[in-house]
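Coordinates in review
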Amino acid sequence: MKVLLTGACGQLGAAFQSIFLKKNVDYVALDKTDMDISNVDKVYSILSAIKPHIIINTAAYTNVDLSEEQSKEAFLINSNGPLILAKICAELDIILVHFSTDYVFDGNKKTAYTPSDHTNPLNEYGRSKLAGEIKIQENCTNYIILRSSGLFSQYKKNFLKTMFDLSNSEKEIKIVSDQFCTPTFASDIALAVTSILPKINNKDFMPGIFHFAGNQTLSWDEFALEIFSQALKMGMIKKLPPIKKVSSKEYNSLASRPFFSALNSSDFLDEFSIAPSSTIKSIGITLTALNNTLT
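Residues numbered from 1 in each chain as written. Predicted model: local features only at pLDDT ≥ 70, side-chain atom pairs only at ≥ 80, totals over all residues. Heavy atoms only, no water.

1. Considering the overall build of the protein chain
- A tally of helices and strands in the protein chain yields 12 helices and 12 strands.
- Taking 19 Å as the expected radius of gyration for a compact globule of 295 residues, we find that the protein chain reaches 19 Å, a close match to that expectation.
- For the protein chain, the C-alpha atoms occupy an extent of roughly 55 × 40 × 35 Å along the three principal directions.
- A total of 295 residues make up the protein chain; the buried ones form 53% of that total.
- The long-range share in the protein chain, meaning contacts at least 24 apart out of those at least 6 apart in sequence, stands at 82%.
- With the model as given, the accessible surface of the protein chain reaches about 13400 Å², and the carbon-plus-sulfur share is 50%.
- Charge centroids of the protein chain, computed over 29 positive and 30 negative side chains, lie 4 Å from each other. (Helix = DSSP H or I, 4+ residues; strand = E, 2+ residues; numbered from the N terminus. Rg over C-alpha atoms; globule rule 2.2 N^0.38 Å. Buried < 20%, exposed > 50% of the residue type's maximum accessible area, 1.4 Å probe, protein only. Contact = heavy atoms within 4.5 Å. Areas by Shrake-Rupley, 256 points an atom, 1.4 Å probe, with all protein chains shown as cover. Lys, Arg positive; Asp, Glu negative; His and termini not counted. Charge placed at Lys NZ, Arg CZ, Asp CG, Glu CD.)

2. Remarks on the pairing of strand β2 (residues 27-30)
- Summarising the sheet, strand β1 (residues 3-6) and β2 pair through four bridges and their orientation is parallel. Bridge assignment links Thr 6 to a residue of β2, and that residue is Leu 30.
- Once you follow β1 into helix α1 (residues 11-23) and on to β2, the crossover reads as right-handed. (Pairing = 2+ DSSP bridges. Right-handed = clockwise from strand over helix to strand, strands pointing away.)

3. Re unusual backbone geometry
- Backbone geometry places Lys 51, a non-glycine residue, at a positive phi of 55 degrees.
- The topology assignment puts Lys 51 in the loop between α2 (40-50) and β3 (54-57).
- Accessibility expressed as a relative area gives 58% for Lys 51, which makes it exposed.
- Located in the positive-phi region is Asp 93, a residue other than glycine, with phi close to 55 degrees.
- Looking at where Asp 93 falls in the secondary structure, it is placed in the loop between α4 (71-92) and β4 (95-101).

As far as function goes, none of this settles anything; it's purely spatial.
In structure tokens:
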């Protein structure tokens, strides 16, 4: 079984590479400089040469605010790229595992979203990711689309690392308090998918959309406070930094975001017998990994 990993240098791609090495997975890792998923000729040439059994596509345009100004670029990578992969996977009999986002929802629901809930993205990033989902469903039969929420890890840029960098600040840290999500450890997603690769390779699964996210619904300020509290207990910071809770309106970001985009991961649990990621535990694991890089 050979796996092709796209977007290998991104946060999720880095998490997959770490897990693949530990689990001795036979894989080829490609970043955008190696294979631009929006270049159909390049993609076809590489997939024909490598002949993978499974593609894990972590390549994505992920800057939510910049997507408002660069929507063409966002759609090129998040919609056209998955379309190209889906069509070629269908032709070459390759199984496609693709990742999407909680931002396909508008946040008007009061309980955690299930994969079958109505989508209605509020921003260009969400619209581009939803378009990618639809393209895969229309052009590929053997696929898994995994939506996640509030991705964090010790890799690349993410909310936890930003908060950790600010943790010794004497100035007030402005954090949005009226948006709720289910923060998810990137390495847990990678581990979950890696553990079911044999099942995927044997096509022993029901193609479709699944949610895999953390098991805690937190506002961004609650998420930050948990990060700071654990860092304090671990002796990584001397005191809790001052937090100023602000509303989404006060924060005034370029892209609108859903107020509530928590994800229900029970479908993934039912299909693959893998429980949601432990948010609190994973924050500690990530902080430990970051601390180890500093010592």
